Amino acid sequence: VVRLKTMGDCVTIKKWLDEELSFLVDEQAVLKYFADIWPEDKVDAIREASTEYSKLELLCSKLCTIQDDDEVNYMEFLTMLEKEMERAEETFYSLLRERESIAKRLQSHGIPVTWLQDHPESVLGKLKKSTLNLATLYMKRVVKEVKANGADGNMDNSIDNPLSLCNLMAEQSSMLTFQGVRFAFRVHQLANGFDEQAVTVFSDLKTLALEQLEKKSLHSEFLEPCDSP
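Remember, it's a predicted structure, so these values are computed and weren't measured experimentally.

Turning our eyes to something else, we now look at the layout of surface pockets. Its volume calculated, the second largest pocket comes out at about 300 Å³. Lining the second largest pocket are 16 residues; nearest its centre among them are Glu 48, Glu 52, Lys 55, Leu 56 and Leu 95. Listed by contribution, the elements that provide at least two residues to the lining of the second largest pocket are α3 (40-65) and α4 (74-108). By residue number, the principal contributor to the lining of the second largest pocket is α4, which donates eight residues.

Okay, the pattern of salt bridges next. Inspection of every chain in the model, using the stated rule, returns nine salt bridges. A salt bridge links Lys 144 to Asp 70; its shortest N-O distance comes to 2.6 Å. Here Lys 144, found in helix α5 (residues 123-152), pairs with Asp 70, found in the loop between α3 and α4; they are 74 residues apart in sequence, far enough to count as distant. The class of Lys 144 is partly exposed, set by a relative accessible area of 40%. With a closest N to O distance of 3.9 Å, Glu 84 and Arg 87 form a salt bridge.

A separate point is unusual backbone geometry. Unusually for a residue other than glycine, Asn 192 sits at a positive phi of about 60 degrees. Judged by relative accessible area, which is 58%, Asn 192 ranks as exposed.

In the structure shown here, the tally under the stated rule is four aromatic pairs. Consider the rings of Tyr 53 and Trp 115, whose centres lie 5.8 Å apart with planes at 90 degrees: the pair is edge-to-face. Highlighted residues: Tyr 53 in helix α3 and Trp 115 in the loop between α4 and α5, separated in sequence by 62 residues. The exposure class assigned to Trp 115 is buried, which follows from its relative accessible area of 3%. Ring geometry for Tyr 138 versus Phe 183: centroids 4.1 Å apart, planes at 10 degrees, classification stacked. Here the residue Tyr 138 occupies a position in helix α5, and Phe 183 occupies one in helix α6 (residues 162-191), the gap between them amounting to 45 residues. Accessibility assignment for this pair places Tyr 138 and Phe 183 in one class, buried.

Another point: the packing of α3 against α4. At a closest axis distance of 12 Å, the pairing of α3 and α4 adopts a crossing angle of 155 degrees. As judged from the angle between their axes, α3 and α4 are roughly antiparallel. The crossing of α3 and α4 is left-handed. Across the interface between the two elements, Asp 41, Asp 44, Ala 45, Glu 48, Ala 49, Glu 52, Leu 56, Leu 59, Lys 62 and Leu 63 of α3 pack against Glu 84, Arg 87, Ala 88, Thr 91, Leu 95, Arg 105 and Leu 106 of α4. Grouping the constituent residues of the contact of α3 with α4 by class yields eight nonpolar, one polar and eight charged.

Below, the discussion takes up the confidence of the model for the protein chain. Taken residue by residue, the protein chain gives an average pLDDT of 82. The fraction at 70 or more is 76%. Within the protein chain, no element has a lower average pLDDT than helix α2 (residues 27-31), which sits at 62, and none a higher one than α4, at 95. In this model, residues 151-157 is a region of pLDDT below 50 whose contacts with residues beyond four sequence positions or in other chains number 10 contacts. Predicted confidence is poor over residues 161-166, with pLDDT under 50, and the contacts of this stretch with residues over four places away or in other chains come to six contacts.

A few words on the environment of Pro 120. For Pro 120, the location among the structural elements is in the loop between α4 and α5. Remark: the alpha-carbon pair of Pro 120 and Ala 191, spanning 71 residues in sequence, is separated by 10.0 Å. Setting aside anything within four residues of it in sequence, one finds Pro 120 in contact with Gly 125 and Lys 126.

Counting residues in each nonpolar core, the largest one holds 47 residues, and the members touching the most others are Leu 81, Leu 106, Ile 111, Trp 115 and Leu 127. Elements with a contribution of two residues or more to this core: α1 (7-21), α3, α4, α5, α6 and α7 (196-223). At 12 residues, the largest contribution of residues to this core is made by α5. Discounting chain neighbours no more than four positions away, the residues touching Leu 81 are Ile 66, Leu 134, Leu 137, Tyr 138 and Phe 183.

Conventions used here
Residues numbered from 1 in each chain as written. Predicted model: local features only at pLDDT ≥ 70, side-chain atom pairs only at ≥ 80, totals over all residues. Heavy atoms only, no water. 1 Å grid on protein atoms, 1.4 Å probe; cavity = no way out; pocket = protein on both sides within 12 Å on 5 of 7 lines; lining within 4 Å. Points joined across faces, edges and corners; volume = space filled by probe spheres on them. Helix = DSSP H or I, 4+ residues; strand = E, 2+ residues; numbered from the N terminus. Salt bridge = Lys/Arg side-chain N within 4 Å of Asp/Glu carboxyl O. Buried < 20%, exposed > 50% of the residue type's maximum accessible area, 1.4 Å probe, protein only. Phe/Tyr/Trp six-rings, centres within 6.5 Å; stacked < 30°, edge-to-face > 60°. Axes fitted to C-alpha atoms, helices over the stretch in contact; angles between N-to-C directions. Parallel < 35°, antiparallel > 145°, perpendicular 65-115°, else oblique. Left-handed = near helix turned anticlockwise from the far one by under 90°. Contact = heavy atoms within 4.5 Å. Nonpolar A, V, L, I, M, F, W, Y, C, P; charged D, E, K, R; others polar. pLDDT = per-residue confidence, 0-100. Core = buried A, V, L, I, M, F, W, Y, C linked by side-chain atoms within 4.5 Å.

What follows is the structure in structure tokens.
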């Protein structure tokens, strides 16, 4: 009887089984002769649980190790982060929806289910925490680009009218800032809060947003037509 105390044991058993059974030309054709003693349902459950667990571990590792790259255009970089966040959300919520049925099946075969629980030490908890790196990278790049636009006027050079250029810069910077805040909110919802680093970067983003609101207010007052005497 195989006793599995952790998912590490489960992954090890799966790897060993796959290596041993790989020597068979037709696994099913051979194993059907041992149907009375071969625990097919349990082996299938071990394989499925190990595969899902390993995928989650790999995803967590990938999200945690993503770094900013100044050579990559900011829009491409932000789009990549959004795709990774969508992948994390889909994985997390899909597992939550199926968690009860999965846990019931695994428990019937003596396979650990603590990794399916939503707490900081579980792989689900690690997945939520790993998305904080995405939020930090996203907000940092947004802040950097908005400040660069404000300092360099890195916009459409074909616009000659200073007022039009200012309006365009303000509009694009505001949209980018809003993008950053919206992405940060998504991560905050999934991760149930920010870590210290994300809080610091969000503070910078919030400062930018408030500055833009103030400038927009002043700009509106400046353009507002005077009352006729």
